[in-house]
Structure formats: C-alpha cells, structure tokens
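# Structure at a glance
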Amino acid sequence: AAEEAIQESLKLAKTLRATEAIAACLNSLGAIAEQRRDYERALEYFRQALELATRIGNAFAEAALSANLAHLLYELQPNQPDVRTYAERALHASAAIKNVYVRAVALEVLGLLDLDNRRPEDARAKLRAALADMVAVRSLPGIMSLVAALSRWAAETNEGALAARFAAIALRNPASE
C-alpha cells in the first residue's frame with residue numbers, strides 16, 4: 001500500500017517536474033526496497049535520488065543519501081571503492097549541514113573500513129566518535145550497531161575486557177540514561 005502511494009506521488013512529481021519531490025519519493029522507495037531486502041533496487045533508487053539532490057543543491061538530502069549508500073554498500077560489498085567515496089562525501093556534507101546522525105553513520109562506515117584494512121587505531125577513534133554521536137541523538141539502532149562494531153574491534157585487537165564492556169552496553173539501553 002505504501003509503495004503504491006509513493007509510486008503515485010512519484011508520477012505526479014514527475015508530471016509537475018518537482019525535482020525535490022521526485023528525489024524524496026525515490027529515497028522513500030529505496031528505503032522500502034531495502035527493508036524488503038531488494039538491495040539492488042534500493043541502491044538504484046538511492047543513487048537516482050542522490051543525483052537529483054546534488055543537481056538541485058539539497059545539501060541535507062545529499063548528506064543523508066550519501067550515508068544511506070555508504071552504509072548499504074558496506075553491508076553488501078565492503079571492498080567496493082564507492083563505499084569509502086560515499087562515506088567521505090556524507091562526512092563532509094554532515095559538517096556543512098551540522099547533522100550529527102549523518103556524521104555518525106559516515107564515521108561508522110569509515111571506521112569499519114579502517115578495521116577491514118587493519119588500521120585498528122584509526123577504526124577505534126572513528127567508531128568511538130560515532131558511538132558518542134549516536135548516544136547524543138538517542139538512536140538505539142545506531143548505538144547497537146556501533147556497540148557491535150566496537151565489539152568486533154575489541155575482539156580483533158585482543159582487547160577482551162573492552163569486548164566484554166561493549167557486550168554489557170548492548171544488553172542495556174544507553175539511550176534512556
């Protein structure tokens with residue numbers, strides 16, 4: 001039902017040549033496709049939306065879509081060069097629009113890439129900064145994702161005590177403190 005309504009909105013937006021509305025519809029369709037695990041379709045919608053957002057100069061949409069693409073691509077194909085490109089683009093854009101959530105997502109992806117590339121100290125700094133941002137915006141899913149990433153970091157760097165601490169954090173709700 002939601003997808004059909006958004007498709008109808010997209011048709012109307014295209015008829016009116018309302019570029020910002022078209023980008024918003026494409027982003028929503030991308031989110032639905034991602035939720036349904038139709039990742040290739042989600043990537044296509046997000047890329048189209050990003051192209052439009054960039055063309056019209058919507059800095060907020062550009063930042064958020066770059067973060068969406070970085071995160072989704074990392075989950076699917078972490079070695080793809082576009083992952084870092086989108087994450088760095090999101091990080092840069094997050095500073096311009098002062099959006100802490102987008103910054104946290106970008107830092108998480110960049111930290112995971114550092115961890116994959118055997119740069120644990122760089123990874124730790126980015127992941128800890130991302131966790132602090134997620135706590136600040138009270139995003140429980142974001143906090144849980146970062147606790148998992150930091151637990152992975154701790155396990156891969158033989159920091160067993162830290163791994164136990166991050167596991168303990170995961171079992172409570174730090175966003176409610």
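Overview of the structure.

## Looking at the environment of Glu44
Among the secondary structure elements, Glu44 is positioned in helix α3 (residues 39-56). Residues Glu44 and Leu26, 18 residues apart in the sequence, show an inter-C-alpha distance of 9.0 Å.

## Side note on the nonpolar core
Counting residues in each nonpolar core, the largest one holds 54 residues, and the members touching the most others are Leu26, Leu65 and Val109. Going through the elements one at a time, α1 (2-16), α2 (19-35), α3, α4 (59-76), α5 (81-97), α6 (100-116), α7 (120-137) and α8 (140-156) are the ones with two or more residues in this core. In contact with Leu26, other than residues within four places in its own chain, are Leu10, Tyr45, Gln48, Ala49 and Leu52.

## Quick word on the environment of Asp82
Tracing the backbone shows Asp82 in helix α5. Apart from residues no more than four positions distant in its own chain, Asp82 is found in contact with Arg47 and Leu73.

## Notes on the environment of Leu72
As for its position among the elements, Leu72 is in helix α4. Its relative accessible area of 2% is what places Leu72 among the buried residues. Put simply, Leu72 and Val109 are 37 residues apart on the chain and 9.6 Å apart in space, counted from C-alpha to C-alpha. The contacts of Leu72, once residues within four sequence positions are left out, are Glu34, Tyr39, Ala42, Leu43 and Phe46.

## Quick look at α5
An ideal rise of 1.5 Å per residue puts 24 Å on 17 residues; α5 measures up with 25 Å between its terminal C-alpha atoms. Considered for burial, the residues of α5 that qualify are Val83, Tyr86, Ala87, Ala90, Ala93 and Ser94. Projected down its long axis, α5 carries its buried residues within an arc of 135°, all on one side. Exposed and facing more than 90 degrees away from the buried side of α5 are Pro81, His92, Ala95 and Ala96. Against the buried residues of α5 lie α3, α4 and α6.

## So, the side chain of Ser94
Mapping Ser94 onto the fold places it in helix α5. Taking relative accessible area as the criterion, Ser94 reaches 3% and is therefore assigned buried.

## A word on the pattern of salt bridges
Summed over the entire model, instances satisfying the criterion amount to 13 salt bridges. Close ionic contact of Arg84 with Glu88 constitutes a salt bridge, the shortest N to O distance being 3.8 Å. With a gap of 4 residues between them, Arg84 and Glu88 both fall in helix α5, about one helical turn apart. Look at Glu88 and you get partly exposed, because its relative accessible area is 43%.

## Notes on the packing of α6 against α8
Interhelical geometry of α6 versus α8 gives an angle of 20° and a closest axis separation of 11 Å. Between α6 and α8, the angle is such that the two are roughly parallel. Read as a crossing pair, α6 and α8 show a hand that is left-handed. Note on element contacts: α8 touches α6 through Ser145, Leu146, Ala149, Arg152, Trp153 and Glu156, opposite Glu108, Leu112, Leu115 and Asp116. Each residue belonging to the contact of α6 with α8 can be placed in one class, and the counts come to 5 nonpolar, 1 polar and 4 charged.

## Some remarks on α1
Structural remark: α-helix, 3.6 residues per turn; residues separated by three or four positions point the same way. Over its 15 residues, α1 runs 21 Å from end to end, which matches the ideal 21 Å to within 8%, given 1.5 Å per residue. Of all the positions in α1, only Glu3, Ile6, Leu10 and Ala13 are classed as buried. Each buried residue of α1 sits inside an arc of 80° when the element is viewed along its axis, so together they form one side. For α1, the exposed residues set more than 90 degrees away from the buried face come down to Lys11, Leu12, Thr15 and Leu16. Each element contacted by the buried residues of α1 is listed here: α2 and α3. Downstream of α1 by one or two residues, Arg17 has phi in the positive range, about 55°.

So, how was this worked out
- Residues numbered from 1 in each chain as written.
- Predicted model: local features only at pLDDT ≥ 70, side-chain atom pairs only at ≥ 80, totals over all residues.
- Heavy atoms only, no water.
- Helix = DSSP H or I, 4+ residues; strand = E, 2+ residues; numbered from the N terminus.
- Core = buried A, V, L, I, M, F, W, Y, C linked by side-chain atoms within 4.5 Å.
- Buried < 20%, exposed > 50% of the residue type's maximum accessible area, 1.4 Å probe, protein only.
- Contact = heavy atoms within 4.5 Å.
- Expected span 1.5 Å × (residues − 1).
- Arc of directions from axis to C-beta.
- Salt bridge = Lys/Arg side-chain N within 4 Å of Asp/Glu carboxyl O.
- Axes fitted to C-alpha atoms, helices over the stretch in contact; angles between N-to-C directions.
- Parallel < 35°, antiparallel > 145°, perpendicular 65-115°, else oblique.
- Left-handed = near helix turned anticlockwise from the far one by under 90°.
- Nonpolar A, V, L, I, M, F, W, Y, C, P; charged D, E, K, R; others polar.

Treat this as a map of the structure, not an account of what it does.
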